[in-house]
Amino acid sequence: MTAELARIAEAMVADGKGILAADESSGTIKKRFDSIGAESTEDNRRDYREMLFRSTEAMKSYISGVILFDETLRQNAKDGTPLARIIADTGAIPGIKADAGAKDLASCPGEKVTEGLDGLRERFAEYYELGARFAKWRAVITIGDHIPSRGCIEANAHALARYAALAQEANIVPIVEPEVLMDGPHDIERCFAVTEATLNTVYDALFAQRVVLEGTILKPNMVLSGSECQTQAGVEQVAEETVRCFKRTVPAAVPGICFLSGGQSDENATAHLSAMNAMFDPPWKLSFSYGRALQAAPLKAWGGKAENEAAAQAAFAHRARMNGLAAMGQWNTGLEKAA
Ligand code: 13P
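Below, the structure is looked at part by part. (Residues numbered from 1 in each chain as written. Predicted model: local features only at pLDDT ≥ 70, side-chain atom pairs only at ≥ 80, totals over all residues. Heavy atoms only, no water.)

### Thoughts on helix 7 (residues 120-129)
Here is step 1: Residues Leu-120, Phe-124 and Tyr-127 constitute the buried set of helix 7. The arc that holds every buried residue of helix 7, seen down its axis, measures 65°, which confines them to one face. Among the exposed residues of helix 7, those oriented more than 90 degrees off its buried face are Glu-122 and Glu-129.
Here is step 2: Taken together, the buried residues of helix 7 touch helix 5 (70-73), strand 3 (93-97), strand 6 (134-141) and helix 8 (150-169). (Buried < 20%, exposed > 50% of the residue type's maximum accessible area, 1.4 Å probe, protein only. Helix = DSSP H or I, 4+ residues; strand = E, 2+ residues; numbered from the N terminus. Arc of directions from axis to C-beta. Contact = heavy atoms within 4.5 Å.)

### Looking at the packing of aromatic side chains
The geometry of an aromatic ring pair comes down to the distance between the two centres and the angle between the two planes.
Here is step 1: All told, the structure shown has seven aromatic pairs when counted by the stated rule.
Here is step 2: Arranged with centres 5.1 Å apart and planes meeting at 45°, the rings of Tyr-48 and Trp-302 form a pair that is tilted. On the criterion of sequence distance, the pair formed by Tyr-48 in helix 3 (residues 42-53) and Trp-302 in helix 12 (residues 292-302) is long-range, its members being 254 residues apart. Here Tyr-48 matches Trp-302 in class, with each residue buried.
Here is step 3: On the basis of an interplanar angle of 40° and a centroid distance of 6.2 Å, the ring pair of Phe-124 and Tyr-163 is categorised as tilted. Taken together, the residues Phe-124 in helix 7 and Tyr-163 in helix 8 connect sequence positions 39 residues apart. The exposure classification of Phe-124 matches that of Tyr-163, with both residues buried.
Here is step 4: An aromatic cluster of at least three residues, connected via ring pairs, comprises Phe-33, Tyr-48 and Trp-302.
Here is step 5: The cationic tip of Arg-133 hangs over the ring face of Tyr-128; the distance from NZ or CZ to the ring centre is 3.6 Å. (Phe/Tyr/Trp six-rings, centres within 6.5 Å; stacked < 30°, edge-to-face > 60°. Lys NZ or Arg CZ within 6 Å of the ring centre and 35° of its normal.)

Below, the structure written as structure tokens:
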């Protein structure tokens, strides 16, 4: 079991490839569709996602895996082919969002805890049958006055570890995603301290639940200035602080770290990843698991209209290629302008 999990985890961070996070929940995809004036119907969601997954060249060259929402893993393309099959035919691995969302944490105002452990063993058995070979669980840590609390970090770390152990039991690689949000006026030092405390607590919990690290992928935030901070750290500083933080906290047995984009601009998400890979030679692969930073451009180009599909696929292919290069430390601004 361990060897198979490690094999899948390594394939998820193959050279020059990363993960497409297309697992927006019903509420989130509605927000995305609202932004382009499209209605969030089951058919529209299928058409949009099918368009991405049928960007065959980009998928084959730069995408190692796709995270799906429950609906999408069960959905067929217009011609009746399961969407998971279309993904697998490009060589990418289908994955599944396994959590049930972040809910208010009782007695901790302003903080969240992720739910979804009840019945998870049975759901994992079904997801495996449907073709999922990895999963994701997102925990949310908020920075603010006097938060995060110890209770919030510990509750989320414990849930992540319980989820990861259940995933591995089902032969599914867990993506462990503790996201320290970038919202707020805090500086990069505060983000570093909170990310460090969070990752220490998460790896402690994973150890307690006997999770085999070789068969996991970490999906963290980068260490950044808060989005409303007056002084924004530059690309090199973000790369340095992020790698410094992870060297302290993430064991070398973890095969790969696939960042979330978390609200960074498309180009910043790419630039930060490329700088880390160009400047450092860390013990884990550093790649991407972007939602917005891969999809914002194609979503806009698509605009909910079938006649824009080719333009949307071109926009997706471009961002996928830029991030594939960044995963090798080979991206530069000139490549954006050339396109
Ligand atoms: P973003 O890259 O848009 O943050 O989404 C990634 C993701 O899957 C968040 O859970």
